[in-house]
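# Structural characterization, general
So the chains spell out like this:
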Amino acid sequence: MLGATSNDNLKALVRDALLTTRATVICPFHPDVIVRVGDDAAETHAYYRARNMIESDGTSSDHEDLMDEIARQLSDAADGVCPRCAHLTDSHGWCV
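Here we summarise the structure given alongside this text. (Residues numbered from 1 in each chain as written. Predicted model: local features only at pLDDT ≥ 70, side-chain atom pairs only at ≥ 80, totals over all residues. Heavy atoms only, no water.)

Check the secondary structure of the protein chain and you find 4 helices and 3 strands. Listing each helix as α and each strand as β along the protein chain from the N terminus yields α-β-β-α-α-β-α. The buried share among the 96 residues of the protein chain stands at 29%. Contacts spanning at least 24 positions in sequence make up 59% of the contacts within the protein chain whose residues lie at least 6 apart. Summing over all exposed atoms, the protein chain offers an accessible surface of approximately 6,200 Å²; the carbon and sulfur share of this is 52%. (Helix = DSSP H or I, 4+ residues; strand = E, 2+ residues; numbered from the N terminus. Buried < 20%, exposed > 50% of the residue type's maximum accessible area, 1.4 Å probe, protein only. Contact = heavy atoms within 4.5 Å. Areas by Shrake-Rupley, 256 points an atom, 1.4 Å probe, with all protein chains shown as cover.)

Printed below as a string of structure tokens:
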């Protein structure tokens, strides 16, 4: 099991891998909202990117820890659209 510092590093590494492969994006209007794009290929690419970054760094990480963190971040992300933007569109009748 990873320690607290390693766990924080894993979170940051996975977040970066998901964003740089476009598996997730940050809402341009709500920078605190991460949206899952739903691209399976990008999500797979993010896994390999994170795994390669871990291996090149020389740190050891359990495959299960990496998969758990990717799954956690993808499940925490909004699905396909920013819910705050969607709420504005629904309540005002105009697109953001």
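Between helix H2 (residues 40-57) and helix H3 (residues 63-76), whose axes approach to 11 Å, the crossing angle comes to 135 degrees. The orientation of H2 with respect to H3, classified from their angle, is oblique. For the crossing formed where H2 meets H3, the hand is right-handed. Note on element contacts: H3 touches H2 through His63, Leu66, Met67, Ile70 and Leu74, opposite Glu43, Tyr47, Ala50, Arg51 and Ile54. Here the residues of the contact of H2 with H3 sort into 7 nonpolar, 1 polar and 2 charged. (Axes fitted to C-alpha atoms, helices over the stretch in contact; angles between N-to-C directions. Parallel < 35°, antiparallel > 145°, perpendicular 65-115°, else oblique. Left-handed = near helix turned anticlockwise from the far one by under 90°. Nonpolar A, V, L, I, M, F, W, Y, C, P; charged D, E, K, R; others polar.)

A complete count under the given rule lists 5 salt bridges for this structure. Arg84 is the partner of Asp32 in a salt bridge, and the nearest nitrogen-oxygen pair spans 2.9 Å. Of this pair, Asp32 sits in the loop between strand E1 (24-26) and strand E2 (34-36) while Arg84 sits in helix H4 (residues 83-92), placing them 52 residues apart in sequence. Exposure remark for Arg84: the relative accessible area of 40% places this residue in the partly exposed category. For Glu55, the salt bridge is made with Arg51, and the minimal N-O distance between the two is 3.9 Å. With Glu55 and Arg51 both in helix H2, this residue pair falls 4 residues apart, about one helical turn. In the salt-bridge network here, residues are joined through shared partners; they are Glu69, Arg72 and Asp76. (Salt bridge = Lys/Arg side-chain N within 4 Å of Asp/Glu carboxyl O.)

Note that all results are geometric; they support no functional claim without further evidence.
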